[in-house]
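# A structural walkthrough
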Amino acid sequence: MTTAIPARRTRPGRSADGARAVNYVWLLPAFVVSVAVIYFCVGYTAWISLQDWDGISPDPMFIAFKNYARMFADPVFWDSLQHTVIFFVVAFVAQAVLGFVFAVLLHSKVRLAVVYKVIVFVPVVIAPATMAPIFRVMYTPTGQFNDLLGAVGLGFLKQAWLGQGNTALAVILSIAVWSGTGISFILYYAAIGQLDPEMIEAARLDGAGNVRILWSVIWPNLRGTTVAIAMLTAIGSLKLFDIPQLVTAGGPNYATEFLGTLIYRQSVPLNAVGYASALSMMLLVLAVAAAIILRATGRERSTTCLRPGACPRRSCCSWSPRSWCCRSCTRSWRWCRSRWRAPAGTTTRPCWRSPSCRSSSATARSSPSA
Amino acid sequence: MSFRAISKRTVRTAAALAVAGLLAAGLAACSGSSGSQGSAQKGDLTWWGWTPDQAVAENAITEFNKKYPDIHITFKKIQDATYAAALRPALASSHGPDVFNLLVGGTGATVKTYGVDAVDLTPSMKKLRGADWKNGLFATGVKDFTVGGQLKAAPIGKVAAGMMWINLDLFNQFGLKPPKTLDEWKSVCKTFREHNVGCFREGVDPAGFEQDTLHTIANSVQPGFYEKAIAGKAKWSDPAMVQTLTIWKNLQSDGILDPGALGIQQYPDVNNAFLSGQVAMVQMGTWYRQYTRTDTLKAALQGAGVSDTSKMITMVPIPFPDVAGKGHTIAAFSDPDYALAVNKKSKHIAAAETFATWLGATKAGQQVIANNLDEDPVLAGITPDYGKVPLVNTKEQTPYLDWLSKYTSNVTEARLANISGTLDQALLDSASTTLGAKATPEQAAQTLQSQSGQ
């Protein structure tokens, strides 16, 4: 069943153009600020990237795309991209798994749960500048990490963790995971809290155990959160600067060089601001591309309902060609109106009509079951 | 919620005003303001630098205020690794430091790049010292900080490198003598390691201190080669450089260089470890002499988080061991160290010039520099007044400090002055790839030649 959308009312004597003009006025401050602060800077950086400039001299030299040619021929640039990919994959998997596990554990009845939540989240609020010196001391050959290895009988693993390329990257990853897991934990924790308890109850009635519920009910319903964490980690990986700069300064032998540290190295110590700007433009392109790809591939898809009415908040259980599915209500009503078609023989109401999708699922119970 | 209708004209007017206002604000922010001379006897100044230490700078300011009580100076020390990053935007704004340190070469805040924001100090020097103002000043310093015929910064002191610094207390404790050859050095380090004491520690990091070690080793292999290579008169791929990198690499495998050199920084890691007695030997230059002073060492230890009650180390300079075994005298190399530049946008240019020229070109200012012991003065005839310098262990340290004065008195080789940023990075890469076994000494030397920009 579809419902006609009432035409927007306008006051007598007021033209539609005038109303639109008012809207533009309200947009203006944000537009001006974003143009001045963001887009002007992007344009200026793009312009500088075509110059040979040290950042101070009053007469930069226009060299067209030579900085970009230099970038593609620079092995350190390709190394930094490789490190970024490794960082993204490892950090995303580790943070998602740890965050999910912590969130699930702390949703169960755990004593002193508040204390554990604080412990997991505190690293997020500690400034990298504060923790970096501590990690640097901890991972030195005479540091506490090697002492710990010795104390637990793993003395043969003692080494200069920050002094070797392969271990230095692992150290950077460990610090990043330690400091970032709190974010994924809090996102998963909030998302799990939004799940409809009826859905889990329904799964239990259907005979699902804890692991099955986690894997087949809770985890699929957190897809949106996982995509959000992936997007945050991808952009964070591209922008990564503080931890490698403060802990290893991109070394040894560029083993922990990321785009952020490379841009800094070229811009500040080497005064190659033109080249650093070309790297910055590449960083922007990669960040936008990563966001678009993740958004496109991570669009929330329908998940199978165990039964009608088992969908979480902000989604509705509707009939797809083969089964009942939870569909997200996050789309705008315009989109829903243009795309939604009632499946033949169903009485499901489109989510855009329901202030809360629960009401739509109530009506769905009367429709044919899968 | 509803809004009153607004005419298109009103909307356009509002938009135009908003954009115009924003542009005006932006232009005002971008344009900054030009400086003004102000009084030469009065003003509140800020001074930024990566050196000297806070206590040393305050000594200088205290002495300066005895003659110029109405010029108040606040010194802000910024780590050398981040100094240039802080300075560039500060100079671009109208709120930058009035006086700032500049380097002569290498990477970072070099006079060639940052000198454009500095006032020409030549007229001030002429006013202070007369038409022949250069007479008696360190000629290399004046030349190196002169760009386009303008003196962009007043050289304050000079530093030399090529020597080692040792913790004499540790050597005495284990009955050891300072090593003179590679074999002696290995033996000394073996003893220290048996007692869980670090031996020779060095941080291979972008600050570039490992270049001093490479330069010293090269001077042991073939005197003069390194300087020629910097000048482009010899190839970095020369066998002398290959041997230099081989010896450098072997310092690690022979147990001389402490493990983890690629993962630590000379400042603060190595510095703190040495001053707190955890390490027996480091390679630092004459600037390290400041820590033979009780007050300066105490301040540095406090900065490193070491307890006030800890024993202060007796540190002394020694010649670098003859690592090539060829019996060459290993020459030191020297540069003008930092120089004081006056910001073109300062509101107190005259007062800032008074301070920069006082510290760099008057007897009183240079005596302060000499007595601080972190720099050699650039004004001829000034030497440290050891009667006024509180040394940690006067009896033990004085003979070594006298040797250091002689060792660095007739230095001809430059340290970093002629090294470009590109070459600086290439030297760091050669040192780190060799030590990290990413390249053989031969490969690293070839890469160094190709990336040197020469």
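Residues numbered from 1 in each chain as written. Chains lettered and ligands numbered in written order. Predicted model: local features only at pLDDT ≥ 70, side-chain atom pairs only at ≥ 80, totals over all residues.

## Points about the overall build of chain A
Quick reminder of the rule: Starting at the N terminus, helices and strands are each numbered in turn, a helix being any DSSP run of H or I of at least four residues and a strand any DSSP run of E of at least two. Think of it as a crowd count around each C-beta: if 20 or more other C-beta atoms lie within 10 Å the residue is buried, if 12 or fewer it is exposed, and in between it is partly exposed, with C-beta placed from the backbone throughout. Residues are scored as being in contact if the C-beta atoms we place from backbone atoms lie within 7 Å.
Across its full length, chain A holds 15 helices and 5 strands. Expressed as a percentage of its 370 residues, the buried residues of chain A come to 34%. Partitioning the intrachain contacts of chain A with sequence separation of at least 6 by distance along the chain shows that 64% fall at a separation of at least 24.

## Concerning the overall build of chain B
What counts here: The reference for a compact globule is 2.2 Å times residues^0.38; the radius of gyration itself is calculated from the C-alpha atoms.
Tallying secondary structure elements over chain B gives 18 helices and 15 strands in all. Rg of the C-alpha trace for chain B: 25 Å, near the compact-globule value of 22 Å for 454 residues, within the 12% margin. The proportion of buried residues among the 454 residues of chain B is 55%. Within chain B, counting contacts between residues at least 6 apart in sequence, those at least 24 apart form 79% of the total.

## Topic: unusual backbone geometry
In this structure, the amide linkage connecting Thr51(B) to the following residue, Pro52(B), adopts the cis form with an omega of 0°. Within the secondary structure, Pro52(B) sits in the loop between β1 (43-49) and α2 (54-67). For the bond from Tyr267(B) to Pro268(B), the omega torsion is 10°, close enough to zero to count as cis. Mapping Pro268(B) onto the fold places it in helix α12 (residues 266-275). One non-glycine residue, Tyr254(A), adopts positive backbone phi at about 60°. If you trace the backbone, Tyr254(A) turns up in the loop between α11 (242-247) and α12 (259-267). Positioned with a positive phi, Asn271(A) is a non-glycine residue whose angle comes to about 55°.

## Brief notes about the domain arrangement of chain B
All names here are of chain B. The cut-off we apply is this: Domain start and stop points were drawn from an automatic or database domain assignment.
When the domains of chain B are assigned, the result is domain 1 (43-159 + 335-384) and domain 2 (163-331 + 400-451). For domain 1 versus domain 2, the distance between C-alpha centres works out to 28 Å. Contacts between the two partners involve 19 residues from domain 1, matched on the other side by 25 residues from domain 2. Of all elements in the fold, only α2 and α3 (80-92) reach the threshold of two or more residues within the side of domain 1 that touches domain 2. A per-element tally of the side of domain 1 that touches domain 2 places α2 first, with 3 residues.

## A few points about helix α10 (residues 223-239) of chain A
Residues and elements named next belong to chain A. Spelled out, the test is: To estimate the expected span of a helix, count its residues, drop one, and scale the result by 1.5 Å.
Under the 1.5 Å per step criterion, the end-to-end length of α10 is 24 Å for 17 residues, consistent within 8% with the ideal 24 Å. What α10 keeps buried is the set Thr 225, Thr 226, Ile 229, Ala 230, Thr 233, Ala 234, Ser 237 and Leu 238. Those residues of α10 hidden inside the fold are in contact with α3 (75-107), α7 (165-194), α12 and α13 (273-297).

## Details of the environment of Val76(A)
Residues and elements named next belong to chain A. In this structure, Val 76 sits in helix α3. Sequence-wise, Val 76 and Ala 255 are 179 residues apart; in three dimensions their C-alpha atoms are separated by 9.2 Å. In contact with Val 76, not counting residues within four places along its chain, are Tyr 254, Glu 257 and Leu 262.

## Some remarks on the interface of chain B and chain A
Put simply, the rule reads: Each residue is assigned to one class: nonpolar for Ala, Val, Leu, Ile, Met, Phe, Trp, Tyr, Cys and Pro, charged for Asp, Glu, Lys and Arg, and polar for all the others, Gly among them.
Between chain B and chain A, the residue contacts involve 34 residues of the former and 32 residues of the latter. Contributions of two or more residues to the side of chain B that touches chain A are made by α1 (8-31), α3, α4 (111-114) and α17 (421-435) of chain B. Sorting elements by how many residues they give to the side of chain B that touches chain A places α1(B) first, with 8 residues. Taken together, the residues of the side of chain B that touches chain A sort by class into 18 nonpolar, 11 polar and 5 charged.

## Points about the pairing of strand β8 (residues 163-167) of chain B
All names here are of chain B. Note the cut-off: Here, a strand pair is defined by DSSP locating no fewer than two bridges between the strands.
The element β8 is extensively covered by neighbouring structure, given that 5 of its 5 residues are classed as buried. The side-chain alternation of β8 yields two buried faces, one formed by Met 163, Trp 165 and Asn 167 and the other by Met 164 and Ile 166. Two elements, β8 and strand β11 (residues 315-319), share 5 bridges in a ladder whose sense is antiparallel. Bridge pairing in β11 links Ile 166 to Val 316. Where β8 lies against strand β10 (residues 279-282), 2 bridges are found, and the strand directions are antiparallel. Paired with Trp 165 across the two strands is Val 282, which belongs to β10.

## Quick notes on the nonpolar core
Convention followed: To count as a nonpolar core, a set of buried Ala, Val, Leu, Ile, Met, Phe, Trp, Tyr and Cys residues must be joined through C-beta atoms within 7 Å.
Residues Leu102(B), Ile166(B) and Phe355(B) are the most contacted members of the largest nonpolar core, which totals 196 residues. No other element matches the 11 residues that α7(A) contributes to this core. In contact with Ile166(B), other than residues within four places in its own chain, are Phe171(B), Pro178(B), Ala280(B), Met281(B), Met315(B), Val316(B) and Ile318(B).

## Details of the confidence of the model for chain B
All names here are of chain B. Here is the rule we go by: pLDDT is defined as a per-residue confidence score from the predictor, taking values between 0 and 100.
Residues of chain B with pLDDT of at least 70 account for 92%, and the chain-wide mean is 89. Counted against residues more than four places away or in other chains, residues 22-32, with its pLDDT under 50, gives 6 contacts. Here the complex is predicted with pTM 0.75, and the ipTM for its interfaces comes to 0.73.

## Comments concerning the pairing of strand β7 (residues 157-161) of chain B
Residue and element names in this part refer to chain B. In terms of residue burial, β7 counts as a mostly covered element, since 5 of its 5 residues are buried. A two-sided burial pattern is seen for β7, the buried positions comprising Gly 157, Val 159 and Ala 161 on one face and Lys 158 and Ala 160 on the other. Where β7 meets strand β14 (residues 376-377), 2 bridges bridge the pair, whose relative direction is antiparallel. When the bridges of β14 are listed, Gly 157 appears paired with Pro 377. With 4 bridges joining them, β7 and strand β12 (residues 333-336) adopt antiparallel strand pairing. Looking at the pairing, Val 159 lines up with Asp 335 of β12.

## Section: the sheet that holds β11(B)
Residues and elements named next belong to chain B. Using the following cut-off: Structural elements are reduced to axes, namely lines fitted to C-alpha atoms, with helices fitted over the stretch in contact, and the angle between N-to-C directions of any two is expressed from 0 to 180 degrees.
Spatially, 4 strands are ordered β9-β10-β8-β11 in an open sheet, and the strand pairing comes out mixed. If you trace the sheet from one side to the other, it starts and ends with β9 (198-200) and β11, each paired once. Strand-to-strand twist in this sheet, taken as the mean axis angle between neighbours without regard to direction, amounts to 20°. Along the sheet face, α12 touches β8, β9 and β10 and points at about 125° away from the line of β10. Sitting on the sheet, helix α16 (residues 394-407) is in contact with β8 and β11, with an inclination near 40° to β11.

## Description of the UniProt feature "domain: ABC transmembrane type-1" (unreviewed entry) in chain A
The cut-off we apply is this: UniProt positions are given in the numbering used here, feature names are shortened, and annotations may be inferred rather than shown by experiment.
In the numbering used here, UniProt assigns the feature "domain: ABC transmembrane type-1" (unreviewed entry) to residues 81-294 of chain A. Overall, residues 81-294 of chain A shows 77% helix and 0% strand. The separation of its end C-alpha atoms is 18 Å.

## What about the sheet that holds strand β15 (residues 413-414) of chain B?
The strand order β14-β7-β12-β15 (chain B) describes an open sheet built from 4 strands, whose pairing is mixed. In this open sheet, the two edge strands, each paired with only one partner strand, are β14 and β15 of chain B.

## A closer look at helix α15 (residues 363-372) of chain B
All names here are of chain B. The element α15 is extensively covered by neighbouring structure, given that 7 of its 10 residues are classed as buried. Taken as a whole, α15 has its buried residues at Gly 365, Gln 366, Val 368, Ile 369, Ala 370, Asn 371 and Asn 372. Leu 373 sits one or two positions beyond α15 and adopts a positive phi of about 70°.

## Some thoughts on the environment of Ala287(A)
All names here are of chain A. Within the secondary structure, Ala 287 is located in helix α13. With 17 C-beta atoms packed within 10 Å, Ala 287 lands in the partly exposed category. Linking Ala 287 and Gly 99, residues 188 residues apart in sequence, is a C-alpha distance of 24 Å. Once you skip the residues sitting within four places of it in the chain, Ala 287 turns out to touch Ile 235 and Leu 238.

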